[in-house]
Amino acid sequence: DAGVTQSPTHLIKTRGQHVTLRCSPISGHKSVSWYQQVLGQGPQFIFQYYEKEERGRGNFPDRFSARQFPNYSSELNVNALLLGDSALYLCASSLAGGANYGYTFGSGTRLTVV
Amino acid sequence: AQSVTQLGSHVSVSEGALVLLRCNYSSSVPPYLFWYVQYPNQGLQLLLKYTSAATLVKGINGFEAEFKKSETSFHLTKPSAHMSDAAEYFCAVSETGSNDMRFGAGTRLTVKP
């Protein structure tokens, strides 16, 4: 069975541009969460979606947005990119909403903003 | 508010030695606690989780952790380190009913031959 898949694996963007990251959860999982991991730090919570509804949002600016599709895949969008947005973006899937029973993480998308 | 503190950003042990990675948590309600491992250029893999069923939790790859409420700790141990254990380890906490998981800053484990 496929795990959590994320695309692309790497990308380079210029300041001010927009980026879309994609995630497909494990088959049967209905919840997707997004995390940002800056080099040398632990992951930070951005969003959680469950059954296509936003269930939680971390302390990130409105430049960050996300959505979940009927097939439970998800997109993370970041507008007006800043150098500080350079990070590994991790998608995590779980059967249901909430964070109490743990996640399965994808391998991430490495975003570099120049 | 929930948070975790990992004591020691870098731990170095010899192959075959005991591994001890420290984690202390802060939570206003009963917590759910997790240890994840991250190998270079990869995502996070769940090692084990505490969900109030038992205070001593056994995970994959010979790791285990003990929940100690009185010490607000959830330290990760492995009796005998293997070279393949070299990685970054993250402790995380999630409060009951929470939609987010808070991670510590991580501990890099080095295993010397």
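Everything in this summary refers to the structure shown in the same document. (Residues numbered from 1 in each chain as written. Chains lettered and ligands numbered in written order. Predicted model: local features only at pLDDT ≥ 70, side-chain atom pairs only at ≥ 80, totals over all residues. Heavy atoms only, no water.)

### Here's the deal with the nonpolar core
In plain terms, the rule: In this text, buried Ala, Val, Leu, Ile, Met, Phe, Trp, Tyr and Cys residues form a nonpolar core when linked through side-chain atoms within 4.5 Å. Note on classification: 1.4 Å probe, protein chains only; a residue is buried when its accessible area is under 20% of the maximum for its type, exposed when over 50%, partly exposed between these limits. Each helix is a run of H or I in the DSSP string that is no shorter than four residues. Each strand is a run of E no shorter than two, and both are numbered from the N terminus. Contacts were defined at the residue level, with two residues in contact if any of their heavy atoms lie within 4.5 Å.
Residues Trp 35, Leu 47, Leu 48, Phe 74, Leu 76 and Tyr 89 of chain B are the most contacted members of the largest nonpolar core, which totals 26 residues. Residue assignment for this core shows that the elements contributing at least two residues are β2 (10-14), β3 (19-26), β4 (31-38), β5 (44-50), β7 (64-68), β8 (73-78), β9 (87-95) and β11 (107-112) of chain B. If near-sequence neighbours (up to four positions away) are discounted, Tyr 89 of chain B is found in contact with Gln 6, Leu 21, Trp 35, Tyr 36, Val 37, Leu 47, Phe 63, Leu 76, Gly 106, Thr 107 and Leu 109 of chain B. With 22 residues, the next largest nonpolar core counts Tyr 49, Leu 81, Cys 91 and Leu 111 of chain A among its residues.

### Describing the pairing of strand β6 (residues 53-57) of chain A
How we decide: In short, DSSP must find at least two bridges between two strands for them to pair.
Where strand β5 (residues 44-50) of chain A meets β6 of chain A, four bridges bridge the pair, whose relative direction is antiparallel. Paired with Tyr 50 of chain A across the two strands is Glu 53 of chain A, which belongs to β6 of chain A.

### Re the sheet that holds β7 of chain B
All names here are of chain B. Formally: Interaxial angles span 0 to 180 degrees and are taken between N-to-C directions of axes, which are lines fitted to C-alpha atoms, for helices over the stretch in contact.
Overall, antiparallel pairing links the five strands, which are arranged β1-β3-β8-β7-β6 in an open sheet. For this open sheet the edge positions go to β1 (3-7) and β6 (56-58), each flanked by a neighbour on one side alone. Neighbour-to-neighbour, the strand axes of this sheet turn through a mean angle of 20°, independent of strand direction.

### Quick notes on the state of the cysteines
What counts here: Here, the term disulfide refers to a pair of cysteine sulfur atoms separated by no more than 2.5 Å.
For the structure on display, the rule yields two disulfides over all chains. The disulfide that involves Cys 23 of chain A links it to Cys 91 of chain A, with 1.8 Å between the sulfurs. Taking the sign of the S-S torsion, -65° for the link of Cys 23 of chain A and Cys 91 of chain A, the bridge is left-handed. Note that Cys 23 of chain A is positioned in strand β3 (residues 19-24) and Cys 91 of chain A in strand β9 (residues 87-94), a separation of 68 residues in sequence. Taking the relative accessible area as the measure of exposure, Cys 23 of chain A reaches 1% and is therefore buried. A relative accessible area of 0% means that Cys 91 of chain A is categorised as buried. Note that Cys 23 of chain B is cross-linked by a disulfide to Cys 91 of chain B, the S-S spacing being 2.0 Å. Because the torsion about its S-S bond is -60°, the bridge between Cys 23 of chain B and Cys 91 of chain B counts as left-handed. Taken together, the residues span a long stretch of sequence, with Cys 23 of chain B in strand β3 and Cys 91 of chain B in strand β9 at a distance of 68 residues. Residue class for Cys 91 of chain B comes out buried when judged on its relative accessible area of 0%.

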